[in-house]
Structures are given as structure tokens and as C-alpha cells.
Amino acid sequence: QNTLLLFCEDIQGEALKTIMINDEQNIVHCIPIKAPGFMTKRKEYLKDIAAYSGSMYVSNIEGRDRKKWDSEWFGILERSVIKSKSFTLQAIYDF
């Protein structure tokens with residue numbers, strides 16, 4: 001089963017509850033990850049992660065409504081290692 005890595009500033013309340021229910025019912029396995037960086041650098045880090053994984057940076061400011069998902073926004077990673085204070089991503093490369 002694939003896992004959705006969700007980079008976000010903060011996740012709580014209804015969003016966190018939905019992620020937990022989806023995981024328990026094996027609908028979608030999602031791991032929320034606190035976005036790296038601070039203020040203006042955070043956006044640049046997230047854009048770099050998106051480019052590395054072949055996904056898209058999603059923001060209302062960028063003209064992409066987070067409530068209307070498109071499958072083209074998602075990328076693929078070969079491997080990811082998630083720890084409490086860090087993460088490592090390994091991209092898939094086609095040569």
C-alpha cells in the first residue's frame with residue numbers, strides 16, 4: 001500500500017481526525033510531516049521537496065485550491081524515512 005506524505009505547517013482538529021480514521025479503515029495511509037523551515041524559507045523548502053519528488057507545491061496563493069485535489073499534484077518516491085525530528089527522501093530516477 002502506498003503512503004501519502006503530507007507536508008504542512010500544522011495539522012490538528014478535524015484534519016487530524018480524518019487522517020486517523022482513514023488510516024484505521026485502510027482508506028489512505030497518510031503521514032503528516034511538519035514543513036521544514038520558517039516563514040519565507042518554508043515555501044522554498046516545500047517547492048524543492050515537490051520538485052524532487054515530482055509533485056506540486058499546493059497553496060491557495062499559487063492558485064491551487066487545497067480542497068479540489070488533482071492526481072497530477074502527487075509525486076512518487078522510491079523510499080522515505082520519517083523520524084520525529086527529521087526525514088530522508090529518496091527519489092525515483094529514470095535514466
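Rules used in this analysis
- Starting from 1, residues in each chain are numbered consecutively following that chain's sequence as written.
- Since the coordinates come from a predicted model, pLDDT governs what is reported: local features require at least 70, and pairs of side-chain atoms require 80 or more to be given and counted, while whole-chain, interface and lining totals use all residues.
- Values shown for side chains rest on all heavy atoms present in the structure; no hydrogens or waters enter the calculation.
- We call a set of buried Ala, Val, Leu, Ile, Met, Phe, Trp, Tyr and Cys residues a nonpolar core when their side-chain atoms join them within 4.5 Å.
- Partly exposed describes any residue whose relative accessible area lies between the buried limit of under 20% and the exposed limit of over 50%, with all areas from a 1.4 Å probe on protein chains only and scaled to the type maximum.
- Secondary structure counts use DSSP, requiring at least four H or I residues in a row for a helix and at least two E residues in a row for a strand, with both numbered from the N terminus.
- In what follows, residue pairs with any heavy atoms lying within 4.5 Å of each other are defined as contacts.
- The pairing criterion is simple: DSSP has to find at least two bridges between the two strands.
- A clockwise course of the path from the first strand over the helix to the second, judged with the strands pointing away from the viewer, identifies a crossover as right-handed.
- As defined here, a cavity is a set of points on a 1 Å grid over the protein atoms alone where a 1.4 Å probe fits but cannot get out. A pocket is an open set with protein on both sides within 12 Å along at least five of seven lines, and residues line them when an atom is within 4 Å of a point.
- Grid points are joined across faces, edges and corners, and a volume is the space filled by probe spheres set on the points.
- Charged means Asp, Glu, Lys or Arg here, nonpolar means Ala, Val, Leu, Ile, Met, Phe, Trp, Tyr, Cys or Pro, and polar covers whatever is left, Gly included.
- Multiply 1.5 Å by the residue count of a helix minus one, and that product is the helix's expected span.
- The directions considered for the arc are those from the helix axis to the C-beta atoms.

Q: Go over the nonpolar core, please, and point to the residues and values.
A: If you look at the biggest cluster of nonpolar residues, it comprises nine residues: Leu5, Phe7, Ile33, Ala35, Leu46, Ile49, Ala50, Tyr57 and Leu89. Where this core is concerned, the elements lending two or more residues are strand S1 (3–8) and helix H2 (40–53). Ranked by residues supplied to this core, first place goes to H2 with three residues. Among all residues touching Phe7, those that are not within four sequence positions of it are Ile33, Pro36, Leu46, Ile49, Phe87 and Leu89.

Q: Pulling in residues and values, what's your account of the pairing of strand S2 (residues 29–34)?
A: The pairing of S1 with S2 spans six bridges and is classified as parallel. Counted as the bridge partner of Leu6 is Pro32 from S2. Running through helix H1 (residues 13–24), the crossover from S1 to the neighbouring parallel element S2 is right-handed.

Q: Before we move on, can you summarise the layout of surface pockets with the specific residues and values?
A: When its volume is computed, the largest pocket comes out at roughly 1,600 Å³. If you go around the largest pocket, you meet 44 residues; those closest to its centre are Leu4, Leu5, Leu6, Phe7 and Trp69. Contributions of two or more residues to the lining of the largest pocket are made by S1, H1, S2, H2 and strand S3 (77–82). Looking at the lining of the largest pocket residue by residue, the class counts come to 26 nonpolar, 10 polar and eight charged. In this structure, the second largest pocket encloses a volume near 190 Å³. Forming the walls of the second largest pocket are Ile33, Lys34, Pro36, Ile82, Lys83, Ser84, Lys85, Ser86 and Phe87. Of the residues assigned to the lining of the second largest pocket, the class counts are four nonpolar, two polar and three charged.

Q: Could you give an account of H2, naming the residues involved and the relevant values?
A: Between the first and last C-alpha of H2 there are 21 Å, a value that for 14 residues agrees with the 20 Å anticipated at 1.5 Å per step. If you check which residues of H2 are buried, you get Arg42, Leu46, Ile49, Ala50 and Ser53. The buried residues of H2 occupy an angular sector of 100° when projected down its axis, which confines them to one face. Residues of H2 that are exposed and point more than 90 degrees away from the buried face comprise Thr40, Lys41, Asp48 and Ala51. The inward-facing, buried residues of H2 contact S1, S2, S3 and strand S4 (87–91). Directly after H2, the chain includes Gly54, whose backbone phi takes a positive value near 80°.

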